[in-house]
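# Notes for the structure review
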Amino acid sequence: MTSRQLSKLTGRLAFWLLVALVVVIAVFPFYYAVKTSFTPSSELFRVELWPTRATLANYLQIFGQRSFLQAIFNSVVVATSVVFIALLLGITASYALGRVRFRGRTTVLLVILGVSMFPQVAVLSGLFEVIRALNLYNNPGGLILSYTIFTLPFTVWVLTTFMRQLPMELEEAAIMDGATPWITITRVFLPLMWPAMATTGLLAFIAAWNEFLFALTFTLTDGQRTVPVAIALLSGGSAYELPWGPIMAASVVVTVPLVILVIIFQRRIVSGLTAGAVKG
Amino acid sequence: MASVSLNKINKVFGSTHIIKDVDLAIGAGEFVVFVGPSGCGKSTLLRLIAGLESISDGELAIGDRVVNELPPRERGVGMVFQSYALYPHMTVYENMAFGLKLAKTAKETVHERVMATARILQLEELLERKPKALSGGQRQRVAMGRAMAREPRILLFDEPLSNLDASLRVQMRNEIARLHKRLGSTMIYVTHDQVEAMTLADKIVVLNGGRVEQVGSPQELYQRPATKFVAGFIGSPTMNFLPARLLGADAGGCRVGAAGLAELALPHDAAAHAQGAELALGIRPEHLRLAEAPDGEGFEIVNVEYLGNEVYVYLEPKEGDTLLIQRSEAPTQWSVGQRVALAPDPEHVHLFDAHDRALPIGPARAAA
Ligand SMILES: Nc1ncnc2c1ncn2[C@@H]1O[C@H](COP(=O)(O)OP(=O)(O)O)[C@@H](O)[C@H]1O
Ligand SMILES: [Mg+2]
């Protein structure tokens, strides 16, 4: 009897130790960034788990820089535009791919999936030419275009699987009520697709918000940069000093909105992702 | 209210021919039921009328206008779907108002019509609810309300009661019948349940394999089925069929022999058939009369089912393995193991030829 209780207890202990280990591994880098952001630069290289003298100096410094504020603004503009465009195109495309029967529908879907497999670097130079030709170099428009290209395949796939699960009779009821395809999409399907839209929209937002390679390549001046590039290019007092404190402070500042968004949408994300997965 | 006429309607999906040369005239204000086994094309035919599927060949007219090329909203039809297909995010009121709003109806008219429809269907208490907060019967009524609110000339129903449990089905069946009397609009109703068809229809269309088997009133279909298929499909329990042979025919009728039965003199006109031709006798369970038979003769009773008000007696057939059924009012004198002779009533016997077509009643007798 007691031995059974004991083994049960050790089992539970082992489980929670494992959980603790996972949490530490996952959370520690972020914790260390937060900690560093509150540490004065003179004490940066003292190894300690808790800052002995917390300071807001790093935060004051980055918010004092006009270029950083501009970068945040640029990031917000770029990421929201990408989400908006991707969802608009994604919804209409998913209606066509999910609901309209036409020759070559599967091929189109496979091509879309194939495109999303290419690594960013592979298309970098080609995309650069496109953006130059469109006169979008050093312009948020260039980033919006390139992020949309990379976000759309995923958006279209998730929304298409979701759209296919909506009962056919619902659309036919709308047709009998005299709805055009556009009205069916906007007034009948859209309200039912919020979970999927929240999921794909949020993932598109995060991808656009964090993207670095394109942002670095397609922008030139401080006024056009997005946050990841701005952070990487933060400079210290001299050419030989990396300003770890301000970099960490900036990283925390740009991560917090994402964390908040994810917390707000988390239930929807899960239902959106599984809804696409279970029956698809 | 409008009439509908189908003229040699065909529907082909890819390489499968689903609806074959359907001719049908539906009068204004009629309640027509399409009935047939699952997969025979009932829904497809209804959807062709609604405009949800395109017609491959033939001509469809509503009123006196050919509507082959018209989209559903211009045909003036409303449809109730099997799964109801209510808009889940809209309230009952919004569900019913949606079509009216899309038709750019004036606001007051929308309100008026929705309220009037809600009154007819007793939905007034539920107008602010979402579909998920409704019971099956209530959803069913909302689905009908949505189809009715635009005051279509024709109402289409695709198996509207098949998702309800048995008692609710009977209740909704009555409500639909009363609704038809009250609105007087043309209704086309699809079901695979012959009881629904018999109870609701002014006119039943029996479909089989994409063809019309027979069109007629419930009484006509029950009393004078045109084919063996209709005879077997309409009526429950189903008609008994016995293989038979033509012994002779004259102007007054014919004589037929079947295994286990005494020679029958029937009023049917069999002049077109050769003596000795293979026929099938069709006898409804309530038209079989049983009489005691000596051992070794007649049919053996293999089961007796007591249903309270009536009794089904099952008999071992001479050929094939479908049991013969006799129906009578309870109580019964018969029990399992007894042997009985069958005495069919010649007035109520059906006769089918080798192509499953019913033989007509001879002219002499039909006139009488
Ligand atoms: N869109 C379609 N494409 C191909 N075949 C179809 C389509 N719709 C129906 N069918 C076929 O047509 C036949 C009749 O279907 P349906 O009209 O739904 O039958 P019922 O309603 O009488 O059960 C079935 O064999 C079905 O498989
Ligand atoms: Mg059907």
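Rules of the game
Residues numbered from 1 in each chain as written. Chains lettered and ligands numbered in written order. Predicted model: local features only at pLDDT ≥ 70, side-chain atom pairs only at ≥ 80, totals over all residues. Heavy atoms only, no water. Domains from an automatic or database assignment. Contact = heavy atoms within 4.5 Å. Buried area = accessible area lost by both parts, 1.4 Å probe. Salt bridge = Lys/Arg side-chain N within 4 Å of Asp/Glu carboxyl O. Polar contact = N/O pair within 3.5 Å; in protein donor to acceptor, adjacent residues only side chain to side chain. Nonpolar A, V, L, I, M, F, W, Y, C, P; charged D, E, K, R; others polar. Helix = DSSP H or I, 4+ residues; strand = E, 2+ residues; numbered from the N terminus. Patch = residues over 30% accessible without salt bridge, like charges linked within 9 Å, V, L, I, M, F, W, Y side chains within 5 Å. Areas by Shrake-Rupley, 256 points an atom, 1.4 Å probe, with all protein chains shown as cover. Buried < 20%, exposed > 50% of the residue type's maximum accessible area, 1.4 Å probe, protein only. Pairing = 2+ DSSP bridges. pLDDT = per-residue confidence, 0-100. Near = heavy atom within 4 Å. Axes fitted to C-alpha atoms, helices over the stretch in contact; angles between N-to-C directions.

Here we come to the domain arrangement of chain A. Residues and elements named next belong to chain A. Each assigned domain of chain A is listed here: domain 1 (3-37) and domain 2 (64-274). On a C-alpha basis, the centres of domain 1 and domain 2 stand 34 Å from each other. The interface is formed by 5 residues belonging to domain 1 together with 6 residues belonging to domain 2. Buried area between domain 1 and domain 2, both sides added, is near 420 Å², and the carbon and sulfur share of it is 89%. Here domain 1 is connected to domain 2 by 0 salt bridges. Taken together, the connections running from domain 1 to domain 2 amount to 0 residue pairs in polar contact (both at pLDDT 80 or more). Class assignment for the residues of the side of domain 1 that touches domain 2 results in 3 nonpolar, 2 polar and no charged.

Right, let's talk about the side chain of H287(B) for a bit. Relative to the elements of secondary structure, H287(B) occurs in the loop between β14 (278-283) and β15 (290-292). Among residues more than four places away in sequence, those in contact with H287(B) are P344(B), D345(B) and H348(B).

All names here are of chain A. A surface patch of nonpolar side chains, about 510 Å² in accessible area, is lined by F84, I85, L88, L89 and W182. Considering every element that reaches the nonpolar patch, the biggest residue donor is helix α3 (residues 66-99), with 4 residues. Counting through the fold element by element, W182 comes out in helix α8 (residues 181-189). Under the relative-accessibility criterion, W182 is labelled partly exposed at 49%.

Residues and elements named next belong to chain B. Two elements, strand β1 (residues 4-13) and strand β2 (residues 16-26), share 7 bridges in a ladder whose sense is antiparallel. By the bridge assignment, V12 is partnered in β2 with H17. In textbook terms, the turn of a hairpin is the stretch between consecutive antiparallel strands, and for β1 and β2 this stretch comprises 2 residues, one of which, G14, has a positive phi near 60°.

With that out of the way, let us pick up unusual backbone geometry. The omega torsion across S236(B) and P237(B) is -5°, close enough to zero to call that bond cis. Position of P237(B) relative to the elements: it lies in the loop between α9 (228-233) and β11 (240-250). The step from A330(B) to P331(B) runs through a cis peptide bond, and the omega angle for that step is -5°. Inspection of the secondary structure assignment puts P331(B) in the loop between β18 (324-329) and β19 (339-342). The backbone phi angle of N135(A) is positive, close to 65°, even though this residue is not glycine. Within the chain, N138(A) stands out as a residue other than glycine whose phi angle is a positive 55°. By relative accessible area, N138(A) is classed as buried at 18%.

Residue and element names in this part refer to chain B. Looking at chain B, the domain boundaries give domain 1 (4-227) and domain 2 (237-367). Placing a centre on the C-alpha atoms of domain 1 and another on those of domain 2 gives a separation of 38 Å. Contact with domain 1, which involves 7 residues of that partner, is made by 10 residues of domain 2. Interface area, domain 1 with domain 2, both sides summed: about 620 Å², of which 48% is carbon and sulfur. Its largest share of buried area at the contact with domain 2, domain 1 owes to Y222, R224 and P225, together 70% of the area lost on that side. Where domain 1 touches domain 2, the interface holds 0 salt bridges. At the junction of domain 1 with domain 2, the criterion picks out 3 residue pairs in polar contact (both at pLDDT 80 or more). Of the residues belonging to the side of domain 1 that touches domain 2, the class tally is 4 nonpolar, 2 polar and 1 charged.

All names here are of chain B. In this fold, G232 is placed in helix α9. Sequence separation of G232 and M198 is 34 residues, and the distance between their C-alpha atoms is 14 Å. Apart from the residues within four sequence positions on either side, G232 is in contact with T238 and F241.

Quick look at the confidence of the model for chain A now. Taken residue by residue, chain A gives an average pLDDT of 87. The fraction at 70 or more is 94%. Segment residues 276-280 of chain A is flagged for pLDDT under 50; beyond a separation of four residues in sequence, or across chains, it makes 5 contacts in the model.

The environment of ligand 1 is made up of R101(A), F13(B), I18(B), S38(B), G39(B), C40(B), G41(B), K42(B), S43(B) and T44(B). One chain alone does not account for the residues near ligand 1; they come from chains A and B. The contact in question runs from an oxygen atom of ligand 1 to an N or O atom on the side chain of S43(B), over 2.6 Å. For ligand 1, the accessible surface in isolation is 560 Å², of which the surrounding protein chains cover 61%. Considering every element that reaches the shell around ligand 1, the biggest residue donor is helix α1 (residues 42-50) of chain B, with 3 residues. Residues of the shell around ligand 1, tallied by class, amount to 3 nonpolar, 5 polar and 2 charged.

With 15 residues of chain A at the interface, the matching set in chain B holds 22 residues. When chain A packs against chain B, the two sides together hide about 1,700 Å² of surface, and 64% of this comes from carbon and sulfur. The largest share of the area that chain A buries against chain B comes from E169(A), M176(A) and D177(A), three residues that together contribute 42% of it. At the junction of chain A with chain B, the criterion picks out 1 salt bridge. E172(A) is paired through a salt bridge with R47(B); the nearest N and O atoms lie 2.8 Å apart. The interface formed by chain A and chain B holds 7 residue pairs in polar contact (both at pLDDT 80 or more) in total. Of all the secondary-structure elements, those providing two or more residues to the side of chain A that touches chain B are α7 (168-176) and α8 of chain A. Looking at the side of chain A that touches chain B, the element that brings in the most residues is α7(A), giving 7 residues. A breakdown of the residues in the side of chain A that touches chain B according to their chemical character gives 10 nonpolar, 1 polar and 4 charged.

The next subject is the pattern of salt bridges. It is possible for side chains of opposite charge to pair when their charged atoms get near one another. Following the criterion strictly, the structure yields 14 salt bridges over all chains and no others. The residue K8(B) makes a salt bridge to D23(B) at a minimum N-O spacing of 2.9 Å. Separated by 15 residues along the polypeptide, K8(B) in strand β1 and D23(B) in strand β2 bring together distant segments of the chain. Its relative accessible area of 42% is what places K8(B) among the partly exposed residues. A salt bridge links E53(B) to R47(B), with the shortest nitrogen-to-oxygen separation between them at 3.0 Å. Within this structure, E172(A), R47(B) and E53(B) form a network of salt bridges that share partners.

All names here are of chain B. Spatially, β6-β7-β8-β3-β9-β10 is the arrangement adopted by the 6 strands of the open sheet, whose pairing is mixed. At either margin of the open sheet sits one strand with a lone partner, and together these are β6 (77-80) and β10 (211-216). When the angles between neighbouring strand axes are averaged without regard to direction, this sheet yields 20°. Where strand β3 (residues 31-35) lies against strand β8 (residues 186-191), 5 bridges are found, and the strand directions are parallel. If you follow V35 over to β8, its bridge partner there is T191.

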